[in-house]
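Summary of the model geometry
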Amino acid sequence: MRINLKNLTVQVLIAIVLGIAIGQFFPAVGVQLKVLGDIFVKMIKMVIAPIVFFTIVIGFANMGDMKKVGRIGGKAVLYFEIITTFAMAIGIGVMYLVSPGSGMDTSKVGASAAEVAKFAKQASDTPHGFMDFVVSVIPDSVVGALAKGEMLPVLFFSVLFGLAMAGLGEKAKPVTHFFEKMNEVFFRLVSIIMRFSPFAAGGAMAYTIGKFGVGSLFSLGKMMGSVYITMFLFVVIVLGLVARIYGFSIFNLIKFIKEEILLVLGTSSSESALPRLMERLEKYGCSKSVVGLVVPTGYSFNLDGTSIYLSMAALFIAQAYGIELTLLQVVTLLGVLMLTSKGAAGVTGSGFITLAATLTAIPGNVIPIEGMALLLGVDRFMSEARAITNLIGNSVATVVIAKSENQFRTQTEDSSTDTTGEDTVYIGNKIAASSEA
């Protein structure tokens, strides 16, 4: 079989393999190559906020019907909460079944106290109360929120701006048209940035292996295995069942977004694939308006992989210290996780920082925060699994909402070959194509 070296998937795969080799045999070089991944993630973050803003505003303006907007938003949030709860419950169930933390040696935890203190400090600087969370969603400055790439404040302003434009009707058409052209420019910019993605994936992987070594993959193998198996089962069984109920295949969807998954695998960041994912889901059949509303919202409210990791990590630390949690404490842990996990997507190193926030927010501090040091060595490897699970979870959510709203185009051929440049108009289950003159 002939390998097409111009294919982005092939390039990313080759880069990941080369990164592993460099990290293993030239660890010092591998650690220095971290800068490639950092550069790429920064370039992607540079365009995320404007793309989210334009996409949401355009979606709202084109919908027109505010009841429809409210219905889609309500369905999305309800779906997110139900699926996230399932994700955390599965994680807790597996931890009690496998109990990977039992018998863990905690005598050397003090050696990493300084690193844990850093995450604890970042967590303490982040508000955790419900009202604090609500207030933090409202930006002090729109320009500041866009400049800093703060997802929740950008979402809040985008929704308000979209509602205002939808209320103006025909008067807002010139602005909508301008935003559509600007959105095209930003997506073109993304396609340029994506050419750097193989270097980023290779550099990030070289850093991971060079910094921690292949051996670190096995140092906490039982915990890592539990996390990977849980996320695999969640994707295949839970999300697979949801997909089947709504008439599509989870495996076909995963195959369709394989390039985005590989990119996340290399960079350990689901944000790196956000702009491309929105494009791909439109090509898969979801309407632009649904994609524009559900995907960005999901990146803050539908973190399935992060939720699984947080619930399992908290219980792992408890098991390592021989702490038996009561049913009430487990339910409290779930409740705290439902809140602390919501802002995780917008924080660098979000998994570890959010774990620190969760442990400090549990009444009585029954789980010692210094136990996080037990996970420092392998957190990087588990971050890839949770980022990929987040990506797949948001993709499934978007398709589900699109289908439930009759805003999904049934494919008769591979949409990736569609180069007509036509805009698709969704009317119930029927579609019509219109081209701009």
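Every chain is numbered on its own, with residues counted from 1 as its sequence reads. A pLDDT threshold of at least 70 governs which residues receive local features in this predicted model, and a stricter bar of 80 or more applies before side-chain atom pairs are shown or counted, although totals over entire chains, interfaces and linings include all residues. With hydrogens and water set aside, each side-chain value is computed from the structure's full complement of heavy atoms.

**Focus on the overall build of the protein**
- For the protein, the helix and strand inventory stands at 20 helices and two strands.
- The buried label goes to any residue with under 20% of its type's maximum accessible area, the exposed label to any with over 50%, and the partly exposed label to all in between, with areas taken from a 1.4 Å probe on protein chains only. Residues classed as buried in the protein amount to 51% of the 437 residues present.
- Looking at the protein alone, contacts between residues at least 24 apart form 82% of all its contacts between residues at least 6 apart. Each helix is a run of H or I in the DSSP string that is no shorter than four residues. Each strand is a run of E no shorter than two, and both are numbered from the N terminus. For this analysis, residues touch if any pair of their heavy atoms sits within 4.5 Å.

**Details of the packing of aromatic side chains**
- Pairs were defined over the aromatic rings of Phe, Tyr and Trp, the Trp ring being its six-membered one, requiring ring centres within 6.5 Å. Orientation was assigned from the angle between planes: stacked under 30 degrees, edge-to-face over 60, tilted for the rest. The final tally for this structure, using the stated rule, is 14 aromatic pairs.
- Where Y79 meets F80, the ring centres are 6.3 Å apart and the plane angle is 70°; that geometry is what we call edge-to-face. In this pair, the class of Y79 matches that of F80, namely buried.
- Taken together, the ring pairs connect F53, F54, F157, F161, F178, F179 and F186 into an aromatic cluster.
- Consider the ring centre and the ring normal. A charge sits over the ring if Lys NZ or Arg CZ is within 6 Å of that centre and within 35 degrees of that normal. Here the guanidinium or amino end of K34 rests over the ring plane of Y207, the centre of that ring lying 5.5 Å away.
- The ring of F256 carries the charged tip of R280 above its face, separated from the ring centre by 4.1 Å.

**Points about the UniProt feature "transmembrane region" (unreviewed entry) in the protein**
- UniProt positions are given in the numbering used here, feature names are shortened, and annotations may be inferred rather than shown by experiment. Under the local residue numbering, the UniProt record ascribes the feature "transmembrane region" (unreviewed entry) to residues 12-31, 43-64, 76-98, 151-168, 189-209, 229-254, 308-339 and 351-376.
- Taken end to end, residues 76-98 has its terminal C-alpha atoms 33 Å apart, with 100% of it in helix and 0% in strand.
- With 85% helix and 0% strand, the stretch residues 229-254 has end C-alpha atoms that lie 17 Å from each other.

**Regarding the side chain of T398**
- Assignment of secondary structure puts T398 in helix α20 (residues 379-404).
- Once residues within four sequence positions are removed from consideration, T398 is found in contact with L281, C286, V290, V291, V294 and V295.

**Considering the packing of helix α12 (residues 221-245) against helix α17 (residues 304-320)**
- As a packed pair, α12 and α17 sit with axes 10 Å apart at the nearest point and diverge in direction by 145°. Classified by chirality, the crossing of α17 by α12 is right-handed. On α17, the residues that touch M223, S226, V227, T230, M231 and F234 of α12 are D304, G305, I308, Y309, M312, A313 and F316. Axes, fitted as lines to C-alpha atoms, cover a helix only where it is in contact. Angles between the N-to-C directions of the axes lie from 0 to 180 degrees. By definition, any crossing whose near helix is turned counterclockwise from its far helix by less than a right angle is left-handed, and any crossing with a clockwise turn is right-handed.

**Some words on helix α16 (residues 288-301)**
- With 14 residues, α16 ought to run about 20 Å at 1.5 Å a step, and its terminal C-alpha atoms sit 20 Å apart, in line with that.
- Among the 14 residues of α16, twelve are classified as buried, and the element is accordingly described as predominantly covered.
- Those residues of α16 lying buried are S289, V290, V291, G292, L293, V294, V295, P296, T297, G298, Y299 and S300. Multiplying 1.5 Å by the residue count of a helix minus one yields the expected span of that helix.

**Side note on the pattern of salt bridges**
- By definition, a salt bridge exists where a carboxyl oxygen of Asp or Glu is found within 4 Å of a side-chain nitrogen of Lys or Arg. Throughout the structure, instances matching the rule amount to seven salt bridges.
- In this structure, E405 engages K75 in a salt bridge whose closest nitrogen and oxygen atoms are separated by 2.8 Å. Of this pair, E405 sits in the loop between α20 and β1 (423-427) while K75 is found in helix α4 (residues 66-98), placing the two residues 330 residues apart along the sequence.
- You can call K75 partly exposed: its relative accessible area is 30%.
- Where R276 meets E260, a salt bridge forms, and the shortest distance between an N and an O atom there is 3.1 Å. Placement of the pair is R276 in helix α15 (residues 274-284) and E260 in helix α14 (residues 258-267), with a sequence separation of 16 residues. Judged on exposure class, the residue R276 and its partner E260 are both buried.
- Put simply, R71, K75 and E405 are held in one network by salt bridges that share partners.

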